[in-house]
Amino acid sequence: MAAGTLSKEPFNLIVAGVGGQGNVLLSAFIGLALVREGFMVSVADTFGVSQRGGSVTSHIKISQETSYSSVTLRGKADVILGMEPVETLRALGEFGNPDVVAIVNPRPVHPSGGIPYPDLDEVKQAIRKLSAKAMFVNATEEALKMGDPIYTNIILLGALMGAEVLPVGRQALLPILQERFPQGIFEMNLKAFNKGIELIKGA
């Protein structure tokens, strides 16, 4: 998508993950970047029964014309950023359609209580079936290589920007990262952000 223009009106982005993964902050970064570029943005987070460790879905509705209700209608997502595979599949089942793009961190978050996690290859196969274009980015794995899994979300943010599926890109996010992270911490987050952009090019 070309910077500054929307491919459709409104455009629906969903960030799907598990409570505690950082959906809300990640969505705030994206929403702020869009607002600063002149878009009207509505953001809403929906939580499952169990907030920490349960499903969290962040709905980001983007418009050039008006302010919409933020919650995405069934089958109307344009892009799903999946922080966790099963939660991505859950979001695809409810909000997906044949044209939806999915960018997914394939690292599972195992449920508590000894509940078995589905076979990961089968989950990934199901994601591919439900998405017009599914891209898997090993964000957690790369963050661990950098020394801390905390970089996972910034790698995913970089992947989202690098995929060019939104009307904003790298340059819109850089000032926000600089404001959020103080000197000394910003540099590693910038490295993570750039790693995400690099990874999505090969996904």
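The structure displayed is predicted, hence computed values, not measured ones.

**Side note on the overall build of the protein**
At step 1: A tally of helices and strands in the protein yields seven helices and six strands.
At step 2: Ordered by position from the N terminus, the helices and strands of the protein form the series β-α-β-β-β-α-β-α-β-α-α-α-α.
At step 3: Scaling as 2.2 N^0.38, a compact globule of 203 residues should have a C-alpha radius of gyration of about 17 Å, and the protein matches this with 16 Å.
At step 4: Taken over the C-alpha atoms alone, the protein extends approximately 45 × 40 × 30 Å along its principal axes.
At step 5: The 203 residues of the protein split such that 49% are buried.
At step 6: If you average the places of the 18 positive and of the 19 negative side-chain charges in the protein, the two averages end up 1 Å apart.

**Some points on the packing of aromatic side chains**
At step 1: With the rule as written, the count across this model stands at one aromatic pair.
At step 2: On the numbers, 6.3 Å between centres and 80 degrees between planes, the contact of Phe 29 with Phe 181 is edge-to-face. On the criterion of sequence distance, the pair formed by Phe 29 in helix α1 (residues 23-36) and Phe 181 in the loop between α6 (170-180) and α7 (186-201) is long-range, its members being 152 residues apart.
At step 3: Taking the relative accessible area as the measure of exposure, Phe 181 reaches 15% and is therefore buried.
At step 4: Positioned over the ring face of Phe 136 is Lys 124, at 5.1 Å from the centre of the ring.

**Notes on the sheet that holds strand β3 (residues 55-63)**
At step 1: If you walk across this open sheet you meet the six strands as β2-β3-β1-β4-β5-β6, and the pairing is mixed. One side of each edge strand has no neighbouring strand; the edge strands of this open sheet are β2 (40-47) and β6 (133-136). Between one strand and the next, the sheet's axes are offset by a mean angle of 15 degrees, whatever the strand orientation.
At step 2: As paired elements, strand β1 (residues 11-18) and strand β4 (residues 79-82) share four bridges and run parallel to each other. Residue pairing for β4: Leu 13 is matched across the bridge by Val 79.

**Overview of the pairing of β4**
At step 1: Of the two faces of β4, the one holding Val 79 and Leu 81 and the one holding Ile 80 and Gly 82 are both buried throughout.
At step 2: Pairing geometry for β4 and strand β5 (residues 101-104), over four bridges, is parallel. Of the residues in β5, the one forming a bridge with Gly 82 is Val 104.
At step 3: You can see the chain leave β4, run along helix α2 (residues 85-95) and come back into β5, and the turn it takes is right-handed.

**Here we look at the pairing of β1**
At step 1: Of all eight residues making up β1, eight are buried, and the element is well covered by its neighbours.
At step 2: Along β1, one buried face is formed by Phe 11, Leu 13, Val 15 and Gly 17 and the opposite face, lined by Asn 12, Ile 14, Ala 16 and Val 18, is buried too.
At step 3: Summarising the sheet, β1 and β3 pair through eight bridges and their orientation is antiparallel. In the strand pairing of β3, Val 15 is matched with Ser 58.

**Topic: the side chain of Asn 23**
At step 1: Position of Asn 23 among the secondary structure elements: in helix α1.
At step 2: Leave out the neighbours within four places in its chain, and Asn 23 touches Val 15, Ala 16, Gly 17, Val 18, Val 56, Thr 57, Ser 58 and Met 83.

**What to know about the pattern of salt bridges**
At step 1: Counted according to the given criterion, the structure contains seven salt bridges.
At step 2: Taking the shortest distance from any N to any O, the salt bridge between Glu 87 and Arg 90 comes out at 2.9 Å. Of this pair, Glu 87 and Arg 90 both sit in helix α2, three residues apart, which is roughly one turn of that helix.
At step 3: In this structure Glu 87 comes out as buried when scored by relative accessible area, which is 9%.
At step 4: Notably, a salt bridge pairs Glu 164 with Lys 201, separated by 3.8 Å at the nearest N-O pair. Of the two residues, Glu 164 is situated in the loop between α5 (152-162) and α6 and Lys 201 in helix α7; the sequence distance between them amounts to 37 residues.
At step 5: Shared partners join several salt bridges into a network, and the residues in it are Glu 141, Glu 142 and Lys 145.

**Here's the deal with unusual backbone geometry**
At step 1: Here the residue pair Glu 9 and Pro 10 is connected by a cis peptide bond, since its omega of -10 degrees sits within 30 degrees of zero.
At step 2: With respect to the secondary-structure elements, Pro 10 resides in the segment before β1.

Thresholds, definitions, all that
Residues numbered from 1 in each chain as written. Predicted model: local features only at pLDDT ≥ 70, side-chain atom pairs only at ≥ 80, totals over all residues. Heavy atoms only, no water. Helix = DSSP H or I, 4+ residues; strand = E, 2+ residues; numbered from the N terminus. Rg over C-alpha atoms; globule rule 2.2 N^0.38 Å. Buried < 20%, exposed > 50% of the residue type's maximum accessible area, 1.4 Å probe, protein only. Lys, Arg positive; Asp, Glu negative; His and termini not counted. Charge placed at Lys NZ, Arg CZ, Asp CG, Glu CD. Phe/Tyr/Trp six-rings, centres within 6.5 Å; stacked < 30°, edge-to-face > 60°. Lys NZ or Arg CZ within 6 Å of the ring centre and 35° of its normal. Pairing = 2+ DSSP bridges. Axes fitted to C-alpha atoms, helices over the stretch in contact; angles between N-to-C directions. Right-handed = clockwise from strand over helix to strand, strands pointing away. Contact = heavy atoms within 4.5 Å. Salt bridge = Lys/Arg side-chain N within 4 Å of Asp/Glu carboxyl O.

By themselves, these figures tell us nothing about what the structure is for.
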